[in-house]
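Observations on the model geometry
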Amino acid sequence: MGDVVNLVVVGLGLVGRRHADAIKRLKGVRLTGIVEPNLTSEDICDEYGVPCFASLADLFALLKPDGVIVATPTPSHVELGLEIISNGCAALIEKPLAVSSVEAENLVKFAVEKQVPLLVGHHRRHNPLIKKAAEIISDGEIGNVRAVHANCWFYKPDHYFDQAPWRKHKGAGPISVNLVHDIDLIRYLCGEISTVQAQSAPSQRGFENEDVASVLLSFENGAVGTVTVSDSIVAPWSWELTSGEYPIYPKTSQSCYKIGGSHGSLSVPDLTIWKHGTERDWWSPITATSIPREASDPLDNQIIHFAKVVLGEEAPLVTGLEGLKTLRVVEAIGEAAQSNSLIKINDFAELHNPDDVTSVHAVTA
């Protein structure tokens, strides 16, 4: 392996194409192949100028890439991940890591056993504004985090569901499909979640899943949190419409996360800190300070980071274990919404993953 890291993309759907296009334009990485059985090899070869394979077995029979990015539907993630790691190749797997935390744990343990880097594509952590928010909090700028609220409201049009009927079925509502992104950022910024409670309402369009849910969180550090998510509310308060991260979504000037601390509060993604003057007193004036930050494509940043992990220059930011922890919380939220009960994350993990996973740790190249 030289200074240029050779990467392969598995799955050439919307997200897979974004990865492939980014690799083609970035320095230090090279697209050396694509695995996509649903398109003709000639079409892909002509478009990207690289060999196309119908399976990973065909790929590894001819090529030895440095890393593989998996951007296929979630049900195939674990099988593909196991095959990639079996070949001693670093893997970056799109979120969520697996359909269930049981499957995800098996994959994470296998990567640790083989000492092969396994990363999860929670690319929002690679956004400079999130890195800045994490820095503000860790530096104590707002004191101890006491509460967080996240709004995840957006309206998906009917044709979004008609194009992929599986989106109408049970288990494909906004809790499992969308909330995994926000829960990961909440964990990253505010700490580990210890318990969840949730309520949801049936889809008003007549689908099998929920179309709105409200979640109550408690954290190991004593903070509390609330999250509401819906794919059937017209509103400007979602990551997609506030972050400007992906140009296909029209950007608003709003924020979707509010993090409250003992000495101030922070809104994200506009990165505004609210503080009183010399005295913390609701009768004294409160001021807003906008924090500057760099701007760059988090998907590009994630690929550059993946290459550095492969080269042994950086430790993974989002390990397989991190993806597993986020998935466990989302699963617990779904169960809490069904049972109307409080779910303890540690108890949930032990119940659904009886084998001890405490030895699973971040793996570097």
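Residues numbered from 1 in each chain as written. Predicted model: local features only at pLDDT ≥ 70, side-chain atom pairs only at ≥ 80, totals over all residues. Heavy atoms only, no water.

A look at the overall build of the protein
As a reminder, the rule being used: We count a stretch as a helix when DSSP gives it H or I for four or more residues in a row; a strand needs E for two or more, and each element gets its number in order from the N terminus. Restricting the calculation to C-alpha atoms gives the radius of gyration, and the globule rule supplies 2.2 Å times the number of residues raised to the power 0.38. Note on classification: 1.4 Å probe, protein chains only; a residue is buried when its accessible area is under 20% of the maximum for its type, exposed when over 50%, partly exposed between these limits. Note on contacts: a residue pair qualifies if any of its non-hydrogen atoms lie within 4.5 Å across the two residues. Shrake-Rupley sampling with a 1.4 Å probe provides the accessible areas, and residues are treated as covered by the protein chains on show and by no other component. Here the positive residues are Lys and Arg and the negative ones are Asp and Glu; neither His nor the chain ends is included. For this purpose, a charge sits on NZ of Lys, CZ of Arg, CG of Asp or CD of Glu.
Each helix and strand in the protein was counted, giving 13 helices and 15 strands. Relative to the compact-globule value of 21 Å for 365 residues, the protein shows a C-alpha radius of gyration of 21 Å, a close match. For the protein, the spread of C-alpha atoms along the principal axes amounts to about 70 × 45 × 45 Å. Buried positions account for 53% of the 365 residues belonging to the protein. Long-range contacts, defined as pairs at least 24 residues apart, comprise 67% of the intrachain contacts of the protein with a sequence gap of at least 6. With an accessible surface of roughly 16,900 Å², the protein has 53% of that area assigned to carbon and sulfur atoms. Seen as two clouds, the 30 positive and the 45 negative side-chain charges of the protein have centres 4 Å apart.

A look at the side chain of Thr195
Locating Thr195 in the fold gives a position in strand β8 (residues 193-202). With relative accessibility at 15%, the residue Thr195 sits in the buried group. When sequence neighbours within four positions are dropped, the list of residues in contact with Thr195 reads Leu216, Leu217, Ser218, Leu342, Ile343, Lys344 and Ile345.

Digging into the environment of Ser284
We count it as follows: Polar contact is defined as a pair of N or O atoms within 3.5 Å, subject to the rule that within protein one atom must be able to donate a hydrogen and the other to accept it, and that residues adjacent in sequence are counted only when both atoms are side-chain atoms.
With respect to the helices, strands and loops of the structure, Ser284 is situated in the loop between β13 (272-276) and β14 (286-290). Note: C-alpha distance between Ser284 and Val227 (57 residues apart in sequence) is 30 Å. Contact partners of Ser284, with chain neighbours within four places excluded, come to His276 and Glu279. Polar side-chain contacts of Ser284 include one of 2.7 Å to the backbone oxygen of Asp281.

A few points about the sheet that holds strand β11 (residues 257-261)
Worth spelling out the cut-off: Strand pairing is assigned whenever DSSP identifies at least 2 bridges connecting the two strands.
Spatially, nine strands are ordered β14-β13-β12-β11-β7-β10-β9-β8-β15 in an open sheet, and the strand pairing comes out mixed. Every interior strand has two partners, whereas the edge strands, β14 and β15 (343-344), have only one. Looking at chain direction, β13 and β14 are connected through five bridges and run antiparallel. Paired with Trp274 across the bridge in β14 is Ala288.

What to know about the pattern of salt bridges
Put simply, the rule is: The salt bridge criterion pairs a side-chain nitrogen of Lys or Arg with a carboxyl oxygen of Asp or Glu, the two atoms within 4 Å.
Per the stated rule, a full pass over the model turns up 19 salt bridges. For Glu192, the salt bridge goes to Arg187, with nearest N and O atoms at 2.9 Å. For Glu192, a relative accessible area of 28% gives the class partly exposed. The class of Arg187 is buried, set by a relative accessible area of 4%. Between Arg187 and Glu322 there is a salt bridge, and its shortest N-O distance comes to 3.2 Å. In this pair, Arg187 is assigned in helix α9 (residues 179-190) and Glu322 in helix α12 (residues 320-339), connecting sequence segments 135 residues apart. Per residue, the accessibility class of Arg187 equals that of Glu322, and both read buried.

Structural notes on the packing of helix α5 (residues 101-114) against α12
How two helices pack is summed up by the angle between their axes together with the distance between the axes. Test applied: As a rule, the C-alpha atoms of each element are fitted with a line to give its axis, helices using only the stretch in contact, and angles between N-to-C directions run from 0 to 180 degrees. If an angle is under 35 degrees, it is roughly parallel; if it is over 145, roughly antiparallel; if it lies from 65 to 115, roughly perpendicular; otherwise it is oblique. Three classes are used, and their members are as follows: Ala, Val, Leu, Ile, Met, Phe, Trp, Tyr, Cys and Pro are nonpolar, Asp, Glu, Lys and Arg are charged, and the others, Gly among them, are polar.
Running from N to C, α5 and α12 cross one another at 170 degrees; their axes reach a closest spacing of 9 Å. On the basis of the axis angle, α5 is roughly antiparallel to α12. Contact residues: Ser101, Ala104, Glu105 and Val108 in α5; Gly320, Leu321, Leu324, Leu327, Arg328 and Glu331 in α12. When its residues are assigned to classes, the contact of α5 with α12 shows five nonpolar, two polar and three charged.

Topic: the sheet that holds strand β4 (residues 67-70)
In spatial order, the strands read β3-β2-β1-β4-β5-β6; together these six strands make up an open sheet with parallel pairing. Each edge of the open sheet is held by one strand with a lone partner, namely β3 (52-53) and β6 (118-121). Bridging between β4 and strand β5 (residues 90-94) involves four bridges; their strand directions are parallel. Across the sheet, Ile69 pairs through a bridge with Leu92, a residue of β5. Across the sheet, helix α11 (residues 298-310) lies against β1 (5-10), β2 (29-35), β4, β5 and β6, angled at about 155 degrees from β5, the strand it touches most.

Some thoughts on the packing of aromatic side chains
Quick note on the threshold: Any two rings among Phe, Tyr and Trp, with Trp reduced to its six-membered ring, count as a pair given centres within 6.5 Å; such a pair is stacked if its planes are under 30 degrees apart, edge-to-face if over 60, and tilted if neither. Sitting over a ring, as applied to charges here, requires NZ of Lys or CZ of Arg to be within 6 Å of the ring centre and within 35 degrees of the ring normal.
Scanning the entire structure with this criterion turns up six aromatic pairs. Taking 6.0 Å as the distance between ring centres and 70 degrees as the angle between the ring planes, the aromatic pair formed by Trp153 and Trp237 counts as edge-to-face. Here Trp153, found in strand β7 (residues 145-153), pairs with Trp237, found in the loop between β10 (224-230) and α10 (239-243); they are 84 residues apart in sequence, far enough to count as distant. Trp237 sits in the partly exposed class, given a relative accessible area of 31%. Note on Trp239 and Tyr257: the rings are 6.0 Å apart at their centroids and 20 degrees apart in plane angle, and the pair reads as stacked. Taken as a pair, Trp239 in helix α10 and Tyr257 in strand β11 lie far apart in primary sequence, 18 residues in all. Residues Trp239 and Tyr257 agree in their burial class; the two are buried. One aromatic cluster in this structure is built from Tyr160, Phe161 and Phe207. Across from the ring centre of Tyr246, 3.8 Å away, lies the NZ or CZ of Arg18, which sits over that ring. One Lys or Arg, Arg205, reaches over the ring of Tyr155 and ends 4.5 Å from the middle of that ring.

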